[in-house]
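Descriptive analysis of the structure
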Amino acid sequence: AMRARFDPADPQGDLDAAAALATDPRLAAMVVHHRALAAVDARRYAEAWQLSNEAHDAFLAADSPRGALDTLFPRVDALHATGRGEEAEAASTEAIRLARSLDDLRGLGIAYATRGYAAESFADTLADQQRALDVLDTVGDINASVRIRLGRARLQDMAGFPCEPLEALIAWADELGQPRLAERARLEAAAAALHQGRIDAMAAWLDGL
């Protein structure tokens, strides 16, 4: 199921195979969760929202609150992408509360980051991104840290503030060897270039996809 997202040669086949193997209720819920993640990646946001809710309920029924916490993140992505900002912020706040109750530092860091994506103000976004990085750096979650740093650098670059060089973050993403993360890095750089009217630079980043 993880390969379906991070090395997607045959994502549907991998998810179907995972579903056939998942006899434990928690594993079955996990497969639904990964289907929600795949739907977010494919920008099928209505489907992602529905699947994330199904996975959330399935994890709770299987007495797995940690699993339920993970399902809140694609829910926020789907809500945020469809303009449902208040619901996205509420789901992020629920994730923060649940992560704290579970003493789950990685989950707490990601929850702060997702609330930052849904924030209405630039200052609130940067504040939550910094909270997320402070937490994630203590648990060594490099992949999540790179994703958050990419988003923060793009926002700062677009606003004309000093930021970590996007090129260095893209090189870091490439070194981690995850196609989705490398793609995300180039899209962040292209978005910043488009905002600044650097069309040639934007095209160059997109050509690398």
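A short tour of the structure in this document, coming up. (Residues numbered from 1 in each chain as written. Predicted model: local features only at pLDDT ≥ 70, side-chain atom pairs only at ≥ 80, totals over all residues. Heavy atoms only, no water.)

1. Details of the side chain of Ser92
Examined against the element boundaries, Ser92 turns out to sit in helix 6 (residues 85-102). By relative accessible area, which is 0% here, Ser92 ends up buried. The contacts of Ser92, once residues within four sequence positions are left out, are Val76, Ala111, Thr114 and Arg115. (Helix = DSSP H or I, 4+ residues; strand = E, 2+ residues; numbered from the N terminus. Buried < 20%, exposed > 50% of the residue type's maximum accessible area, 1.4 Å probe, protein only. Contact = heavy atoms within 4.5 Å.)

2. Quick word on the environment of Ala203
In this structure, Ala203 sits in helix 12 (residues 199-207). Among the residues examined, Ala203 registers a relative accessible area of 31% and is labelled partly exposed. On a C-alpha basis, the gap between Ala203 and Ala190 in space is 7.3 Å, while along the polypeptide they are 13 residues apart.

3. Side note on helix 6
Its 18 residues give helix 6 an end-to-end C-alpha distance of 26 Å, which sits within 8% of 26 Å, the value for a rise of 1.5 Å per residue. The set of residues buried in helix 6 consists of Ala88, Ala91, Ser92, Ala95, Ile96, Leu98, Ala99 and Leu102. One or two steps after helix 6, the chain reaches Asp103, where phi turns positive at roughly 55 degrees. (Expected span 1.5 Å × (residues − 1).)

4. Considering the packing of helix 9 (residues 142-159) against helix 10 (residues 166-176)
Orientation of helix 9 relative to helix 10, taken along the N-to-C sense of each, is 160 degrees, at an axis distance of 10 Å. As judged from the angle between their axes, helix 9 and helix 10 are roughly antiparallel. Judged by the sense of rotation from one axis to the other, the crossing of helix 9 with helix 10 is left-handed. Counted together, Ile142, Asn143, Val146, Arg149, Leu150, Ala153, Arg154 and Asp157 of helix 9 and Leu166, Leu169, Ile170, Trp172, Ala173 and Leu176 of helix 10 form the full contact between these two elements. (Axes fitted to C-alpha atoms, helices over the stretch in contact; angles between N-to-C directions. Parallel < 35°, antiparallel > 145°, perpendicular 65-115°, else oblique. Left-handed = near helix turned anticlockwise from the far one by under 90°.)

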